[in-house]
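The primary structure of each chain is shown beneath.
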Amino acid sequence: MTPNRSIRNILFVTSECYPLAKVGGLADVSSSLPRALATKGLNVVTLLPAYQGALTQLENTRALGAINGPLLMPDLSLIEGTVKQTGQRVWLLQAPGLYDRDGTPYADAYGHDWPDNWQRYAQLCRVACEIASGRVADWQPDLVHCNDWQTGLIPVLLKQASLAPPTLFTIHNLAYLGLFDGDIFSQLQLPPALWSFDALEFHGRFSYLKGGLGFADALTTVSPTYAKEIQTEDYGCGLDGLLRFRKKALTGILNGVDYETWNPETDPTIAFPYTSQSLTEKAKNKKHLQKKTGLAPKSNQPLIGLISRLVEQKGIDLIIDLMKAYADEPVQWVTLGNGNVDYERELKALAEAHPSAISFTPSYDEQLAHQIEAGADFFLMPSRYEPCGLNQMYSLRYGTVPIVTPTGGLADTIIHTTPGTLSKKQATGFVTKGADLPNLKQTFKHALNIYKDKAAWLKLRRTGMQQDFSWGKSAAAYLQLYEKIVNTG
Ligand code: ADP
C-alpha cells in the first residue's frame, strides 16, 4: 500500500480578498480560510489580481518577475507580499491596463460589468496554471483551490496539461455563471472540443463556472444545505443536472468567521466594546449609531439592521415591503448597501419620508457595517437563497439577533426561537417559514414580542453570542478534503 502523500503547498486563487478588494463574502473567506490553513501548517499562496490600491496595502514586497507563457498577455508580472492588516501572504498579478481601474473588481463606477472581464479572469486562470505547473518562482502547489466563476478555467486548462496538480473548486454563489458568447470562446483559443454540452457550452453560450464544476477533481460549496439545494431545479441555475451527476465529488463545508475582525470585545471601529456580560455597553452603541445615522434616540424601540448588496437574492423587496407595513409603528431601521438602483431609490424615499425612524446609507462602508452590527437589536436577512451568509454569524457574535429565511447557510446556522428552544438555551434567532411577505411579517411580529420580554430577550442574545463559528473546524474539513483529493486524484 502506498503511504498517504502529505500535502503542503496550496495555491488559493480568488478574485476578491479582504482588505485588498471586497465585493461580498468571498473576500472575507479568501482572507480568513488561507490564514486558518496556514495555522494548520500548510504553505498557502493566495493569488489575485493587483486591483487599484492593493499593492499599497502590502509590506515585505518582492518582485517575482515577469510571467511568460502561451496565450499570456505581454508584461504580466507577479509581486509577492504580506497584507499589512492581516499578515496574509499573497501574490498579486499585475497586468498593464487590466486590473488597476476605478470601480469594483467586476464593474465600473456606474455598476456596468467591465466588457473585458472574460480576458481579465482568463489571464488570472492562465497565470494560475503556469504557477501550478511549477514554472514560477521555483514553487509548485500540491493542489489548486479555485473559487467561483472567475477561476473556472483553471480546472479545464489543468486537465489538458500533464503532471498538473489536482484542483478543488468552491462554489460561493452558483448564480454567477461567468457566461460569454462564442466569439469570446474563439478568442480564448480553447480546444474546440470544449464547445460541447459535456464541457463548457451552456445554451448557446459558454460558462466559466460550468468549466469549474465539470473539470475540478472535487467540488465544495459553503454550507451543507446549499450543497443539497443546488442539486435541485429550483436552486440549480440550470446546472443542477451536472451537479447531480457530480454529487459524489460535492460536499458542503460551512464558512467560518474571522473573530479577530468581528468581535465586539476588541473591535476598534465601535465606540463601546462589550461582551455578553456587559450588554449595557451595547445599548450605548445603539445610541451612538442612532446619532450617527440621524435617527431619533429611542432606547426602547427595536432597531433593525441591514447590511447587504442590494440584489434580488437578498430579499430587499421583502424588506422594503416590511418597512412600509411598519412605517407607523415604533420600530427603527438602519440600512446600508448599494446595488440595484430601484432598491436604492425606494430605500432613499422611505428614509426621506421617515427621517427619525429610517436611515439609508447607499454606499459600501466597512466601519458603518461594524457599527450597525454593534448598535442594532435585530439583523434582517430574508434571502431567497443564501449559499452561506456571513452577516448572520457576525450578528450572533454582536448580540444582534438574526431574522432569516430557511435557506442555505442561514438554515444551517440559526436556530428558531420557540418556547422549547429558548428554555433549552438553543434559540439563536428567528427563522421564517418561507421567503415571502406573509411569512416574514409573521416571524417579525413574533420577534418583536420576544424583544418585549426582557428575560427571554437577554437569554436569546447571550446564547447567540456564545455560538462558535470560528474557522478551526471548517479549515480542518478542507485540509482533510485536500488530503483525500491528492491521494485519490
Ligand atoms: P454576499 O457574499 O452574498 O454578499 P455574505 O453575507 O456572505 O453575502 O457577505 C457579505 C459581506 O459583505 C459581509 O462581510 C458584509 O458585511 C459585507 N457587506 C455587504 N454590503 C456591504 C456594504 N454596503 N458596506 C459594508 N459591508 C458590506
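Residues numbered from 1 in each chain as written. Predicted model: local features only at pLDDT ≥ 70, side-chain atom pairs only at ≥ 80, totals over all residues. Heavy atoms only, no water.

Undergrad: For this particular structure, what's the right way to read the sheet that holds strand β17 (residues 401-404)?
TA: Strands in a sheet are paired, the pairing made by backbone hydrogen bonds, and the direction either parallel or antiparallel. In spatial order, the strands read β15-β14-β13-β16-β17-β18; together these 6 strands make up an open sheet with parallel pairing. What marks the edges here is a single partner per strand, and that holds for β15 (358-361) and β18 (430-431). Here β17 pairs with β18 via 2 bridges, running parallel. The residue bridging Val 404 from the neighbouring strand is Val 431, located in β18. Set on the sheet, helix α10 (residues 341-353) makes contact with β13 (303-310), β14 (332-339) and β15; between it and β15 the angle comes to about 145 degrees. (Pairing = 2+ DSSP bridges. Helix = DSSP H or I, 4+ residues; strand = E, 2+ residues; numbered from the N terminus. Contact = heavy atoms within 4.5 Å. Axes fitted to C-alpha atoms, helices over the stretch in contact; angles between N-to-C directions.)

Undergrad: Which parts of the structure should I look at to understand the layout of surface pockets?
TA: In this approach a probe as big as a water molecule rolls over the atoms, and the regions it shows empty are the leftover space. Taken as a whole, the second largest pocket spans an internal volume of roughly 400 Å³. Taken together, 18 residues line the second largest pocket, and the ones lying closest to its centre are Ala 283, Lys 286, Ser 299, Asp 377 and Tyr 451. Going through the elements one at a time, α8 (279-293), α15 (437-452) and α16 (454-466) are the ones with two or more residues in the lining of the second largest pocket. Ranked by the residues each element gives to the lining of the second largest pocket, the list is headed by α8, at 7 residues. Here the residues of the lining of the second largest pocket are counted per class, giving 6 nonpolar, 5 polar and 7 charged. (1 Å grid on protein atoms, 1.4 Å probe; cavity = no way out; pocket = protein on both sides within 12 Å on 5 of 7 lines; lining within 4 Å. Points joined across faces, edges and corners; volume = space filled by probe spheres on them. Nonpolar A, V, L, I, M, F, W, Y, C, P; charged D, E, K, R; others polar.)

Undergrad: Would you take a moment to explain the state of the cysteines for this structure?
TA: As used here, a disulfide is simply a covalent bond connecting the sulfur atoms of two cysteines. For the structure on display, the rule yields 0 disulfides. Considering cysteine sulfurs only, Cys 125 is the nearest to Cys 146, which forms no disulfide, with 7.4 Å between them. (Disulfide = S-S within 2.5 Å.)

Undergrad: What exactly am I supposed to notice about helix α3 (residues 153-160) here?
TA: Along an α-helix, residues three or four positions apart point the same way, because every turn accommodates 3.6 residues. Across the 8 residues of α3, 6 count as buried, placing the element largely inside the fold. Here the buried face of α3 lies against β1 (9-13), α2 (117-132), β6 (143-147), β7 (167-171), α4 (182-188) and α5 (208-215). (Buried < 20%, exposed > 50% of the residue type's maximum accessible area, 1.4 Å probe, protein only.)

Undergrad: Is there a simple way to explain the sheet that holds strand β8 (residues 179-180) in this structure?
TA: What the 3 strands build is an open sheet, ordered β8-β10-β9; its pairing is antiparallel. Both outer strands of the open sheet, β8 and β9 (201-202), are each paired with one neighbouring strand and no more. Relative to strand β10 (residues 205-207), β8 is paired through 2 bridges, and the arrangement is antiparallel. By the bridge assignment for β10, Leu 179 is matched with Ser 207.

Undergrad: What is the right way to read the domain arrangement of the protein from this model?
TA: Interfaces are often described in size by the accessible area the parts lose on coming together. Assigned domains within the protein: domain 1 (9-256 + 471-488) and domain 2 (279-465). Here the C-alpha centroids of domain 1 and domain 2 sit 32 Å apart. Across the interface of domain 1 and domain 2, roughly 1,400 Å² is buried in total on both sides, 55% from carbon and sulfur atoms. Among the residues domain 1 hides against domain 2, the three largest losses belong to Lys 22, Thr 225 and Leu 254. Together they make up 24% of the total. Linking domain 1 to domain 2 there are 1 salt bridge. Among the ionic pairs, Lys 22 bridges to Glu 366, the shortest N-O distance being 3.7 Å. Viewed at the interface, domain 2 and domain 1 are joined by 9 residue pairs in polar contact (both at pLDDT 80 or more). At the level of secondary structure, the elements contributing two or more residues to the side of domain 1 that touches domain 2 comprise α1 (25-39) and α6 (224-229). For the side of domain 1 that touches domain 2, the element with the most residues is α6, which contributes 4 residues. (Domains from an automatic or database assignment. Buried area = accessible area lost by both parts, 1.4 Å probe. Salt bridge = Lys/Arg side-chain N within 4 Å of Asp/Glu carboxyl O. Polar contact = N/O pair within 3.5 Å; in protein donor to acceptor, adjacent residues only side chain to side chain.)

Undergrad: It is not clear to me how the packing of aromatic side chains should be interpreted in this structure. Could you clarify?
TA: In this description, a pair of aromatic rings is defined by centroid distance and the angle of the planes. The final tally for this structure, using the stated rule, is 22 aromatic pairs. Taking the centre distance of 5.5 Å and the plane angle of 80 degrees together, the rings of Trp 149 and Tyr 208 count as edge-to-face. Residue Trp 149 is found in the loop between β6 and α3, and its partner Tyr 208 is found in helix α5; the two are separated by 59 residues along the sequence. Residue class for Trp 149 comes out buried when judged on its relative accessible area of 9%. Looking at Tyr 208, the relative accessible area reads 0%, which means it is buried. Arranged with centres 5.3 Å apart and planes meeting at 75 degrees, the rings of Phe 185 and Phe 206 form a pair that is edge-to-face. (Phe/Tyr/Trp six-rings, centres within 6.5 Å; stacked < 30°, edge-to-face > 60°.)

Undergrad: Quick question: what am I supposed to make of the pattern of salt bridges here?
TA: Should their charged atoms come close, side chains of opposite charge can pair. Across all of its chains, the model carries 17 salt bridges by this definition. In this structure, the salt-bridge partner of Asp 258 is Arg 35, at a minimum N-O distance of 3.0 Å. Of this pair, Asp 258 sits in the loop between β12 (250-252) and α8 while Arg 35 is found in helix α1, placing the two residues 223 residues apart along the sequence. Across the pair, exposure class does not vary: Asp 258 and Arg 35 are buried alike. Across the pair Arg 62 and Glu 80 runs a salt bridge, and its minimum N-O distance is 3.0 Å. With Arg 62 in strand β3 (residues 58-67) and Glu 80 in strand β4 (residues 76-83), the pair connects residues that are 18 residues apart, well separated along the chain. The exposure class assigned to Arg 62 is partly exposed, which follows from its relative accessible area of 47%. Residue Glu 80 is classed as buried on the basis of its relative accessible area of 10%. Within this structure, Lys 22, Asp 28 and Glu 366 form a network of salt bridges that share partners.

Undergrad: Where do I start with empty space enclosed by the protein in this structure?
TA: Inspection of every chain in the model, using the stated rule, returns 1 cavity of 30 Å³ or more. In this model, the largest cavity occupies a volume close to 80 Å³. Forming the boundary of the largest cavity are Tyr 18, Lys 22, Asp 28, Ser 31, Ser 32, Arg 35, Thr 86, Asp 258, Thr 261, Trp 262, Glu 366 and Tyr 394. Among the residues forming the lining of the largest cavity, the class breakdown is 3 nonpolar, 4 polar and 5 charged.

Undergrad: Whenever I open this one, the side chain of Ser 395 confuses me. Can you help?
TA: Positionally, Ser 395 belongs in helix α12 (residues 391-397). Owing to a relative accessible area of 0%, Ser 395 belongs among the buried residues under this scheme. Polar contacts involving the side chain of Ser 395 include one to the main-chain carbonyl oxygen of Asn 391, which spans 2.7 Å. Every residue in contact with Ser 395, bar those within four places of it in the chain, is listed here: Glu 373, Phe 379, Thr 400 and Pro 402.

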